[in-house]
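Below, each chain spelled out in residue letters.
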Amino acid sequence: MTDRLMDGYDVVVLGGGAAGLSGALMLARARRSVVVIDAGAPRNAPATGVHGLLAREGIRPAELLERGRTEVRGYGGHVVSGEVAAVTREGTEPFEVTLADGRSVRARRLLVATGLVDELPDVPGLRERWGRDVLHCPYCHGWEVRDQAIGVLASGPMSVHQALLFRQWSEDVTFFSHTMPLPTGEEREQLTARGIRVVHGEVASLEIAGDRLVGVRLSDGTVVSREALAVAPRMVARTGFLRALGLTAREHPSGVGEFVSSDATGRTDASGVWVAGNVTDPAAQVGTAAAAGAAAAAQINADLVAEETRQAVADRAASEEFGKAFWEERYRGQHAPADGRQPNPQLVTETGELAPGTALDAGCGEGADAIWLASHGWRVTAVDIADAALRHARKHAETLGGDITSRIDWVQADLTGWVPPEEHFDLVSTHYVHVAADRAALFRRLAASVAPGGTLLIVGHQSGDAETAAPHASSAVHFTAEEIAADLDPERWDIAVTEARTRSAPTHDGHEVTLRDAVVRARRRP
């Protein structure tokens with residue numbers, strides 16, 4: 001598995017077994033970006049075949065998984081080898097999944113399908129025969145040992161039940177009490193009624209001849225001839241990495257081991273986390289686990305759709321609220337804001353050392369940035385949605401005299417639909433531009449307008465800062481530098497700055513507040 005990790009995904013699936021791959025397939029077919037982190041330690045690896053799986057009866061476990069990986073990749077999903085070391089999340093930010101080798105990846109949702117580990121009784125020879133003639137599930141292996149001499153090793157509260165089940169496949173079943181108390185009462189009556197012999201005494205080892213189980217040796221030396229041995233292991237969920245999210249495995253009501261609880265859809269108590277397969281259903285066979293993975297994936301996709309729809313509604317409302325009429329009203333008949341005649345500080349910091357050339361100021365407002373650039377030798381195209389803002393800008397430029405006015409072309413346009421001229425600019429700059437659903441598309445158009453060797457500067461309010469400090473800023477102007485930089489093709493761009501910077505600014509009532517700017521500066525490769 002050689003798929004590389006991207007910076008972020010819609011969903012990270014933890015676990016590459018039947019549940020995880022089935023979930024990933026469903027998500028990939030739903031056109032979600034998805035990656036499966038596979039530690040390569042499937043629970044059923046010792047088994048010679050997968051049974052009870054419609055249309056794939058008897059398929060080798062390794063072949064089934066390889067087919068699943070191929071199908072996931074065929075729809076654009078990634079499958080990556082790795083062991084999860086930790087999963088963390090800050091507030092509503094994406095999940096951060098860290099692997100044991102130090103790699104990390106972010107995701108909006110998690111599907112945990114890491115399965116469980118079978119803890120076997122401490123009997124010499126048991127582990128070596130596991131999945132061959134030492135078995136646990138009659139539905140998985142009962143047919144293969146039908147009519148054989150079967151032993152059942154008591155190891156937990158479900159052992160008598162296990163013996164009664166295996167009796168369906170053979171009339172010769174022996175129950176070994178081992179270190180457990182002898183069955184009494186109703187359980188003893190049930191075993192007797194079904195002709196299941198009960199042997200008292202601790203099992204010391206297995207008798208093997210010609211690479212086959214031939215008997216069970218007790219601690220007193222007695223050997224009971226058997227051809228197969230059923231064991232109920234303690235099942236331990238692979239979930240230690242979820243503790244930071246407040247998720248821990250708890251004891252299953254049946255007493256068979258651990259599981260992570262969830263609702264019927266696989267949703268856990270941790271927001272954004274679903275579980276599927278043996279990690280939440282210890283008794284699930286391959287088919288059941290695969291179905292649960294697919295069902296959880298459908299719920300995850302529906303959850304993402306709901307989130308995206310809420311955001312689209314909010315963006316549409318923001319777009320209407322901060323449309324042309326809003327900005328015309330804001331600027332009409334007003335003097336420039338208190339800081340309107342000063343360039344944005346990040347512009348000065350990031351472009352002060354650049355050689356002047358052609359510049360595009362996207363969302364220029366009352367023109368402070370465009371005027372500063374022109375005064376430093378740049379030829380500027382300044383674009384804004386509001387005629388009133390541009391009137392203020394022109395008037396301001398004219399009062400400064402010199403050749404500043406001749407260096408600036410003022411353009412009235414709505415950036416959400418405006419296409420930059422065919423010429424490429426040595427600098428493309430935008431600060432706190434208010435767009436909603438089209439923000440990513442706008443930034444891509446602006447990036448495409450940068451000349452080879454030129455500079456792209458994008459500044460917005462850092463996500464999470466109080467909007468009361470920026471009263472005219474919608475959620476559309478809040479983002480992180482990393483979010484914007486991730487959309488720039490690393491083969492075409494050299495990222496110079498991705499930072500959150502602190503600055504002071506006045507509020508509408510004249511107070512000073514501290515804001516954080518998300519700053520991205522990148523150079524387009526020649």
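The structure presented is a predicted model; accordingly, all values stated were derived computationally and were not measured. By convention here, each chain's residues receive numbers from 1 onward along its written sequence. Side-chain atom pairs in this predicted model are given and counted only at pLDDT of 80 or more, local residue features only at pLDDT of at least 70, and totals for whole chains, interfaces and linings cover all residues. Heavy atoms throughout the structure, all of them, feed into the side-chain values; hydrogens and water do not.

## Here's the deal with the overall build of the protein chain
Here is step 1 of the chain: A tally of regular secondary structure across the protein chain gives 13 helices and 27 strands.
Here is step 2 of the chain: Each radius of gyration reported is based on C-alpha atoms, and the globular scaling rule is 2.2 Å times the count of residues to the power 0.38. Here the C-alpha radius of gyration of the protein chain, 33 Å, is well above what a compact globule of 526 residues would show, namely 24 Å.
Here is step 3 of the chain: With the C-alpha coordinates aligned to their principal axes, the bounding extent of the protein chain is approximately 110 × 45 × 35 Å.
Here is step 4 of the chain: Taken over 526 residues, the protein chain has a buried fraction of 48%.
Here is step 5 of the chain: Calculation of accessible area relied on Shrake-Rupley with a 1.4 Å probe; when residues are assessed, cover is drawn exclusively from the protein chains displayed. Total accessible area computed for the protein chain in this model is approximately 24800 Å², and 49% of it derives from carbon and sulfur atoms.
Here is step 6 of the chain: Only four residue types enter the tally: Lys and Arg on the positive side, Asp and Glu on the negative side; His and the chain ends are excluded. To locate a charge, take atom NZ for lysine, CZ for arginine, CG for aspartate or CD for glutamate. Between the averaged position of the 53 positive side-chain charges in the protein chain and that of its 71 negative side-chain charges there is a distance of 3 Å. The helix count covers DSSP runs of H or I at least four residues long, the strand count covers runs of E at least two residues long, and both are numbered beginning at the N terminus. Only protein chains enter the area calculation, which uses a 1.4 Å probe; residues under 20% of their type maximum are buried, those over 50% are exposed, and those in between are partly exposed.

## Some thoughts on the packing of helix α8 (residues 324-331) against helix α11 (residues 387-400)
Here is step 1 of the chain: Between N-to-C directions, angles cover 0 to 180 degrees, with each direction set by a line fitted to C-alpha atoms, over the stretch in contact for helices. Taken N-terminus to C-terminus, the directions of α8 and α11 make an angle of 40°; their axes are 7 Å apart at the nearest point. The angle between α8 and α11 places the two elements in the oblique class. Contacts between α8 and α11 involve Lys-324, Glu-328 and Tyr-331 from the former and Asp-387, Ala-388, Ala-389 and His-392 from the latter. When describing relative orientation, an angle under 35 degrees is termed roughly parallel and one over 145 degrees roughly antiparallel, while 65 to 115 degrees is termed roughly perpendicular and anything else oblique. Contacts were defined at the residue level, with two residues in contact if any of their heavy atoms lie within 4.5 Å.

## Focus on the sheet that holds strand β14 (residues 223-225)
Here is step 1 of the chain: Strand order in the open sheet formed by 3 strands is β12-β13-β14, and the pairing between neighbours is antiparallel. The open sheet has two edge strands with one neighbour each: β12 (203-208) and β14. Strand-to-strand twist of the sheet, defined as the mean angle between neighbouring strand axes without regard to direction, takes the value 25°.
Here is step 2 of the chain: Each pair of strands is called paired provided DSSP finds at least two bridges between the two strands. Two elements, β12 and strand β13 (residues 213-218), share 5 bridges in a ladder whose sense is antiparallel.

## Notes on the pattern of salt bridges
Should their charged atoms come close, side chains of opposite charge can pair.
Here is step 1 of the chain: For this analysis, a salt bridge means a side-chain nitrogen from Lys or Arg found within 4 Å of a carboxyl oxygen belonging to Asp or Glu. Taken as a whole and judged by the stated rule, the model has 30 salt bridges.
Here is step 2 of the chain: With a shortest N-O distance of 3.9 Å, Arg-523 and Asp-494 are connected by a salt bridge. On the criterion of sequence distance, the pair formed by Arg-523 in strand β27 (residues 512-524) and Asp-494 in strand β26 (residues 493-506) is long-range, its members being 29 residues apart.

## Some remarks on the pairing of strand β21 (residues 379-384)
When a strand is regular, its side chains alternate between the sheet's two faces.
Here is step 1 of the chain: A large share of β21 lies buried, amounting to 5 of its 6 residues.
Here is step 2 of the chain: Judged from the 5 bridges that link them, strand β20 (residues 358-362) and β21 form a sheet pairing that is parallel. Note that in β21 the partner of Ala-362 across the bridge is Val-383.
Here is step 3 of the chain: When the strands point away from the viewer, a crossover counts as right-handed if the path from the first strand over the helix to the second runs clockwise. Assessed by its sense of winding, the connection that carries the chain from β20 through helix α10 (residues 368-375) to β21 is right-handed.
Here is step 4 of the chain: Taken together, β21, α11 and strand β22 (residues 408-412) form a β-α-β motif whose crossover is right-handed.

## A closer look at the confidence of the model for the protein chain
Here is step 1 of the chain: Mean pLDDT over the protein chain stands at 90; residues scoring 70 or higher make up 92%.
Here is step 2 of the chain: Scored below 50 in pLDDT, residues 465-473 makes 19 contacts in the model with residues more than four places away or belonging to other chains. The pLDDT value tells you how sure the predictor is about a given residue, anywhere from 0 up to 100.

## Some words on the pairing of strand β5 (residues 95-99)
Here is step 1 of the chain: Along β5, the buried face is formed by Phe-95, Val-97 and Leu-99; none of Glu-96 and Thr-98, which line the opposite face, is buried.
Here is step 2 of the chain: In this sheet, β5 lies alongside strand β4 (residues 84-88) in antiparallel orientation, the contact comprising 4 bridges. Within β5, the position partnered with Thr-88 by the bridge is Glu-96.
Here is step 3 of the chain: Counting the residues between successive antiparallel strands, the hairpin from β4 to β5 contains 6 residues, one of them, Gly-91, with a positive phi of roughly 60°.

## A closer look at the state of the cysteines
Here is step 1 of the chain: Pairs of cysteine sulfur atoms within 2.5 Å are what we label disulfides. Counted according to the given criterion, the structure contains 0 disulfides.
Here is step 2 of the chain: For the unlinked cysteine Cys-137, the closest cysteine sulfur is that of Cys-140, found at 3.0 Å.

## Description of helix α2 (residues 61-74)
Here is step 1 of the chain: Multiplying 1.5 Å by the residue count of a helix minus one yields the expected span of that helix. Helix length check: α2 (14 residues) gives 20 Å between terminal C-alpha atoms against 20 Å at 1.5 Å per residue, within 8%.
Here is step 2 of the chain: Buried residues of α2: Pro-61, Leu-64, Leu-65, Gly-68, Arg-69 and Val-72, and no others. Looking straight down α2, one finds its buried side chains confined to an arc of 135°; they lie on one side. Opposite the packed face of α2, turned more than 90 degrees from it, sit the exposed residues Ala-62 and Gly-74.
Here is step 3 of the chain: The positive-phi residue at the C-terminal boundary of α2 is Gly-76, with phi of around 95°. Along the arc lie the directions from the helix axis toward the C-beta atoms.

## Describing the packing of aromatic side chains
Here is step 1 of the chain: Think of it this way: a Phe, Tyr or Trp ring, Trp meaning its six-membered ring, pairs with another when their centres are within 6.5 Å, and the plane angle makes it stacked under 30 degrees, edge-to-face over 60, tilted otherwise. On inspection of all chains with the given rule, the structure shows 3 aromatic pairs.
Here is step 2 of the chain: Geometrically, the ring pair formed by Trp-327 and Tyr-331 is stacked, given 6.1 Å between the ring centres and 25° between the ring planes. Of the two residues, Trp-327 and Tyr-331 are both situated in helix α8; the distance of 4 residues between them amounts to about one turn of the helix.
Here is step 3 of the chain: The class of Tyr-331 is buried, set by a relative accessible area of 9%.
Here is step 4 of the chain: Working rule: Lys NZ or Arg CZ, within 6 Å of ring centre, within 35 degrees of ring normal, means a charge sits over the ring. Here the basic side chain of Arg-89 rests over the ring of Phe-95, its NZ or CZ set 4.2 Å away from the ring centre.

## Points about the side chain of Thr-351
Here is step 1 of the chain: The topology assignment puts Thr-351 in helix α9 (residues 345-351).
Here is step 2 of the chain: The exposure class of Thr-351 is buried, given its relative accessible area of 2%.
Here is step 3 of the chain: Two N or O atoms count as a polar contact when they lie within 3.5 Å, although within protein this holds only if one can serve as hydrogen donor and the other as acceptor, and sequence-adjacent residues are included solely when both atoms are side-chain atoms. A distance of 2.6 Å separates a polar side-chain atom of Thr-351 from the backbone oxygen of Leu-347.
Here is step 4 of the chain: In this structure, Thr-351 is in contact with Trp-372, Leu-373, Leu-427 and Leu-457, ignoring residues within four places of it in sequence.

## Some remarks on the nonpolar core
Here is step 1 of the chain: Ranked by size, the top nonpolar core spans 26 residues in total, and within it Val-12, Leu-14, Ile-37, Val-87 and Val-97 carry the most contacts.
Here is step 2 of the chain: Among the secondary structure elements, those contributing two or more residues to this core are β1 (8-14), β2 (34-38), β4, β5, β6 (104-112) and β19 (273-275).
Here is step 3 of the chain: The biggest single contributor to this core is β6, with 4 residues.
Here is step 4 of the chain: If we skip the residues at most four places from it in the chain, Val-12 touches Val-35, Ile-37, Val-97, Val-105, Arg-106, Ala-107, Arg-109, Leu-110 and Leu-111.
Here is step 5 of the chain: Ranked by size, the runner-up nonpolar core spans 24 residues in total, among them Ala-413, Phe-425, Val-428 and Ala-481. Here, the term nonpolar core denotes a set of buried Ala, Val, Leu, Ile, Met, Phe, Trp, Tyr and Cys residues that are joined through side-chain atoms within 4.5 Å.

## Comments concerning the environment of Ala-230
Here is step 1 of the chain: Here Ala-230 lies in strand β15 (residues 228-231).
Here is step 2 of the chain: Note: C-alpha distance between Ala-230 and Leu-427 (197 residues apart in sequence) is 72 Å.
Here is step 3 of the chain: Residues within four places of Ala-230 in sequence aside, it is in contact with Leu-135, Gly-151, Val-152, Leu-153, Gln-162 and Phe-166.

## Brief notes about a negative patch on the surface
Here is step 1 of the chain: Residues form patches when they are more than 30% accessible in relative terms and have no salt bridge. Like charges link within 9 Å. Nonpolar side chains (Val, Leu, Ile, Met, Phe, Trp, Tyr) link within 5 Å. Together, Glu-90, Glu-93, Glu-482 and Glu-483 make up a region of like negative charge exposed at the surface.
Here is step 2 of the chain: We classify Glu-90 as exposed; its relative accessible area is 63%.

## What to know about the packing of helix α5 (residues 159-166) against helix α6 (residues 185-193)
Here is step 1 of the chain: In the contact formed by α5 and α6, the axes pass within 10 Å of each other and the chain directions differ by 15°. Between α5 and α6, the angle is such that the two are roughly parallel. Handedness of the crossing formed by α5 with α6: left-handed. Where α5 approaches α6, its residues Val-160, Ala-163 and Leu-164 are matched on the opposing element by Glu-187, Gln-190 and Leu-191. Crossing handedness: left-handed means the near helix sits turned counterclockwise from the far one by under a right angle, and right-handed means the same turn made clockwise.

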